[in-house]
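# Results of the structural survey
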Amino acid sequence: MRWSVSVGALVLTAGVLASGVVAPATAEPLEPLEPAPGAELAGIEPAQPRVRSGEVDRSRNMRQVARLPLVGAFTGDGDYGTDLAFTGHHAIAGNYEGFTVYDIKKPQRPRRVAQVICPGGQNDVSVYRDLLIVSVDWLRTDDTCASDSAYGDDGRDTPAPESWWGIRLFDISDPAEPRFIRSIRTECGSHTHTLAPARKGSTVYVYVSSFETGPGLPNCEPPHDSISVVKVSAANPERARVVNEPVLFPDGGSGGGGYSSATSGCHDITAYPKRNLAAGACMGDGILLDISNRAKPRVIDRVRDTRNFAFWHSATISGSGRSVVFTDELGGGGSPTCNKEVGRKRGANGIYVIRNRQLKFRSYYKIPRVQSDTENCVAHNGSLVPVKGRDIMVQAWYQGGTSVFDFTNPRRPKELAHFDRGAISDDRLVDGGSWSSYWYNGYVYSSDLVRGLEVFKVKAPWAKKASKVKQSVFNAQSQPTFNS
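One structure accompanies this document, and this report is about it. (Residues numbered from 1 in each chain as written. Predicted model: local features only at pLDDT ≥ 70, side-chain atom pairs only at ≥ 80, totals over all residues. Heavy atoms only, no water.)

Turning our eyes to something else, we now look at the overall build of the chain. Summing up its helical and strand segments, the chain has three helices and 31 strands in all. Partitioning the intrachain contacts of the chain with sequence separation of at least 6 by distance along the chain shows that 63% fall at a separation of at least 24. Taken as a whole, the chain presents about 18,500 Å² of accessible surface, with 48% of it coming from carbon and sulfur. (Helix = DSSP H or I, 4+ residues; strand = E, 2+ residues; numbered from the N terminus. Contact = heavy atoms within 4.5 Å. Areas by Shrake-Rupley, 256 points an atom, 1.4 Å probe, with all protein chains shown as cover.)

So, in structure tokens, the structure goes:
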């Protein structure tokens, strides 16, 4: 993903799309299927029938209240919905073809207010004040929204040295009319990114994660054991620039082989700015970073799991800062890894505690439902639920749906709520399901690969408490403080 474009290169569709609201789904859910007592703790597969296409399996305390489908240019084959960010009463959802802005002032009646067509890969999004930061990890012919793939129509051409990828900045002071500001080219592009605001002032540091290296790729020849740090001033975003490229793995990181991936950069980093900590999921390694000096993050501990972790994908630090949930994206999100053959420990979460600034393994958590071989399912993006004194997380599992679980006791995580739509197809593997599921101001918002934005409500005492915590902005990879 890349850039230096005029506003005219953007394709905005605001008022027309705002009329595309659909009524909340009304399909009756199935009775919840409960696992055998203690099954998730003992690692025993619950004996459950497969949820068939068109059916819904949900816990009694979680229901869907709204959905807005993908529309227009975002409905092509492979034009998947990706990550979410929130600002005020707006949610912004990435898509491989650009991003969409939703008005969620009334969560049960969200409205689509802008759609920006700007191809570039995942287009993961974050918000800082009036800025939208967008990740681009597909090589493009230039950095404009009108650019083409740098690989040519057949996907086999060697990209030109001047091909672009990196991050794009937009002005969203008026969320209904995003305005492009500029682009910053980064090493190996930007698969994901993380915001670490300075302790004072209006500066934010953007930690850019990327990992897909290869001979002939512009500014991405192996080895690639670093991240890019981009300094952005909210007052002067046009001056944003790369200020550091710290090497996180001087020894080259995990060499892979066997079950685990080799490390060539990081997939995702989550910062906890208030505690000057960050946790990184870096393919074959999980890391803990000191970010006291925002421009110079440094690794203070590193762990590996060569037995059960294939690809360290993302990380979530508990509100207390005492534990970390790492995810293993076994199969890259396109495989059925929630079946009996894969089991309870792979394609799951690994829960670690932080002791003396070191990571110590405690347990695995995986949804306690067996999925079919036609459902892509694996641990993916989630966020904390703001409940003081407890560690509760909502998480996407692709076609495994959305799960809410409690890891206050890191040795005995347990599920509190779930919503699982069932297989898209009973006959063949079709990609779909929830990419990101996040809690924001009393509701769970899901960005589904093919279904668009979905909104859920959870009814439980802990959810009622969490609903009282109101946030004006939320990026899952930059954790706020609400639980100490």
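When the charged atoms of two side chains lie near each other, side chains of opposite charge can form a pair. As enumerated under the stated definition, the model contains 11 salt bridges in all. Here D171 ties to R179 by a salt bridge, and the two come within 2.9 Å at their closest N and O atoms. When its relative accessible area of 39% is taken as the criterion, R179 is described as partly exposed. Within the structure, one salt-bridge network assembled from shared partners comprises D251, D285, R302 and R304. (Salt bridge = Lys/Arg side-chain N within 4 Å of Asp/Glu carboxyl O. Buried < 20%, exposed > 50% of the residue type's maximum accessible area, 1.4 Å probe, protein only.)

Right, let's get into the state of the cysteines. Here is the idea: a disulfide is a covalent bond, and it sits between the sulfur atoms of two cysteines. Per the counting criterion, the structure on display carries four disulfides. Each disulfide pairs two cysteine sulfurs, and for C188 the partner residue is C220, the sulfurs being separated by 1.9 Å. For the disulfide bridge between C188 and C220, the dihedral angle about the S-S bond is near 100 degrees, and by the sign convention the bridge is right-handed. Here C188 is found in the loop between β11 (179-185) and β12 (192-197), whereas its partner C220 is found in the loop between β13 (203-209) and β14 (228-233), with 32 residues between them in sequence. Residues C188 and C220 agree in their burial class; the two are buried. The connectivity of the disulfide bonds within the chain can be written as 1-2, 3-4, 5-6, 7-8, using the sequence rank of each bonded cysteine. (Disulfide = S-S within 2.5 Å.)

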